[in-house]
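# Results of the structural survey
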Amino acid sequence: AVVSTQSTGAQLINFNPVRCEVVSLPDSVTFVVANCLVNKWKADGTDFNNRVAECRLAARVVAAKVGLDWTQFKTLQPLMIAKNWVPKDLLENVEQHLHPEPYTKEEIVGILGASEELFASIIGKSSNDSFRLRDRAVHVAGEAARVAEFRRMCDEESSNIQGLGKLLNESHMSLKDKYDVSIEELDNLTQICRNSGALGSRLVGAGFGGCTISMVPKDIVEGFISKVWDAYYKPMDIGFEEATSKHLFVTSPCPGACVMRAA
């Protein structure tokens, strides 16, 4: 992605196989990054590992439920490919075959017919005693569907910017309620951004801190930045110039990394 980015649009990245496509964005909007000023180190605790483990287990349980050899599936995407599903099909099967309540280790071992040693190798460094398989898989499948819909809307001659914003908001709510990686500061900041005129706002990255990204009409972006500063950064005694030089700024697609050769 770092190498292939272009100034003409966003990058749609597929990982199996790895390929990148440029998606044109509406001319009437821009994107604003805002840092919630909470840091979370991935090596600190097992939060990130737990999400990975739950998604791996969800893929295997769904594979077993639909009659496939679950040992061949580590993630949900290969399962979707094997069944020739689109993201909506994956979401429907996740909701059909995974119950809402957390799973225990014993229940998962029973469904898969796996040994405890094999189970331990699947979950890796996860410290969980119970596993929210449906919530995690619903987020992953739902996010895949939202990405596909976002791309479809961008490809239309007259982009539905209200619809694009709605998808961003739905993404954040799923990250908060289903994937459980948001925190109070991120929720507050995204809401402030919406109240300040953003069409949509969501956390970016792995969550538990870090930044949000908001889609904002270009004709209100200066006022938007002032309002977000006033509501979020000013109460922390962070001046406008400091906030807008470090924590709150407009971003846009640009060319990626390249080799520069002297003439």
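Residues numbered from 1 in each chain as written. Predicted model: local features only at pLDDT ≥ 70, side-chain atom pairs only at ≥ 80, totals over all residues. Heavy atoms only, no water.

### Overview of the state of the cysteines
As a reminder of what qualifies: A pair of sulfur atoms, both from cysteines and within 2.5 Å, is called a disulfide here. Exposure is judged per residue with a 1.4 Å probe applied to protein chains only, and the accessible area is read against the type maximum: over 50% gives exposed, under 20% gives buried, and values in between give partly exposed.
Within this structure, the stated rule accounts for 0 disulfides. The cysteine Cys193 is free of any disulfide, with Cys211 supplying the nearest cysteine sulfur at 11 Å. According to the relative accessible area criterion, Cys193 is buried, its value standing at 1%.

### Let's talk about the nonpolar core
Heads up, the rule is: Working definition of a nonpolar core: buried Ala, Val, Leu, Ile, Met, Phe, Trp, Tyr and Cys residues. They are joined through side-chain atoms within 4.5 Å. Where helices and strands are cited, they refer to DSSP runs of H or I of at least four residues and of E of at least two residues respectively, numbered from the N terminus. Every residue pair with non-hydrogen atoms within 4.5 Å of one another is taken to be in contact.
Leu57, Leu79, Leu98, Ile108 and Leu133 are the most contacted members of the largest nonpolar core, which has 31 residues in total. Of all the elements in the fold, those that place two or more residues in this core are helix 1 (47-65), helix 2 (76-82), helix 3 (87-97), helix 4 (105-112), helix 5 (116-123) and helix 6 (133-155). Apart from residues no more than four positions distant in its own chain, Leu79 is found in contact with Ala59, Val62, Ala63, Val66, Leu68, Phe73 and Trp85. In this structure, Cys55, Leu186, Ala243 and Leu248 belong to the second largest nonpolar core, which totals 27 residues.

### Observations concerning the packing of helix 1 against helix 5
What counts, and what does not: Under this scheme, a helix contributes an axis fitted over its contacting stretch, all axes are lines through C-alpha atoms, and angles between N-to-C directions fall in the 0 to 180 degree range. Note on angle classes: values under 35 degrees are labelled roughly parallel, values over 145 roughly antiparallel, values of 65 to 115 roughly perpendicular, and the remainder oblique.
It is at 8 Å that the axes of helix 1 and helix 5 come closest, and there the two elements cross at 125 degrees. The angle between helix 1 and helix 5 falls in the class oblique. Judged by residue contacts, Ala53, Arg56, Leu57 and Arg60 of helix 1 engage Phe119, Ile122 and Ile123 from helix 5.

### A word on the packing of aromatic side chains
Put simply, the rule reads: Side-chain rings of Phe, Tyr and Trp, where Trp is taken by its six-membered ring, are said to pair if the distance between their centres is within 6.5 Å; with planes under 30 degrees apart they count as stacked, over 60 as edge-to-face, and otherwise as tilted.
Counted by the stated rule, this structure contains 4 aromatic pairs. For the ring pair Phe48 and Phe208, a centre distance of 5.3 Å and an interplane angle of 80 degrees mean the geometry is edge-to-face. A residue pair is termed long-range when its members are at least 10 positions apart, and Phe48 in helix 1 and Phe208 in the loop between strand 6 (200-203) and strand 7 (211-217) qualify at 160 residues. With relative accessibility at 12%, the residue Phe208 sits in the buried group.

### Remarks on the pairing of strand 7
For a regular strand, side-chain orientation follows a simple rule: the groups alternate between the two sheet faces. What counts, and what does not: One requirement defines pairing of two strands: DSSP has to find at least two bridges between them.
Within strand 7, 5 of the 7 residues are buried, leaving the element largely enclosed by the surrounding structure. In the sheet, strand 3 (residues 29-35) pairs with strand 7 via 7 bridges, with the strands oriented antiparallel. For Val33, the partnering residue across the bridge sits in strand 7 and is Ile213. The sheet contact formed by strand 6 and strand 7 spans 4 bridges and is antiparallel. Pairing of Ser201 across the sheet is with Ser214, part of strand 7.

### Here's the deal with helix 1
As a reminder, the rule being used: Take the number of residues in a helix, subtract one, and multiply by 1.5 Å to get its expected span.
Its 19 residues give helix 1 an end-to-end C-alpha distance of 27 Å, which sits within 8% of 27 Å, the value for a rise of 1.5 Å per residue. Gly67 occupies a position one or two residues after helix 1 and carries a positive phi of about 85 degrees.

### A short note on the pairing of strand 2 (residues 18-23)
Two strands pair when backbone bridges link them, and strand 1 (residues 10-15) and strand 2 are joined in this way by 6 bridges, in the antiparallel orientation. Looking at the pairing, Phe15 lines up with Val18 of strand 2.

### Examining the pattern of salt bridges
The following threshold applies: Here, a salt bridge means any side-chain nitrogen of Lys or Arg that lies within 4 Å of a carboxyl oxygen of Asp or Glu.
The tally for this structure, following the rule as stated, stands at 16 salt bridges. A salt bridge links Asp47 to Lys40; the nearest nitrogen and oxygen atoms lie 3.0 Å apart. Put simply, Asp180 and Arg51 hold a salt bridge, and the shortest N to O gap is 3.7 Å. With Asp180 in the loop between helix 7 (161-177) and helix 8 (184-195) and Arg51 in helix 1, this residue pair connects regions lying 129 residues apart in the sequence. Taking the relative accessible area as the measure of exposure, Arg51 reaches 7% and is therefore buried.

### Describing unusual backbone geometry
In this structure, Leu37 takes a positive phi of about 70 degrees despite not being glycine. You can see Leu37 is positioned in the loop between strand 3 and helix 1. Note on Leu37: relative accessible area 30%, which makes it partly exposed. Backbone geometry places Phe208, a non-glycine residue, at a positive phi of 65 degrees.

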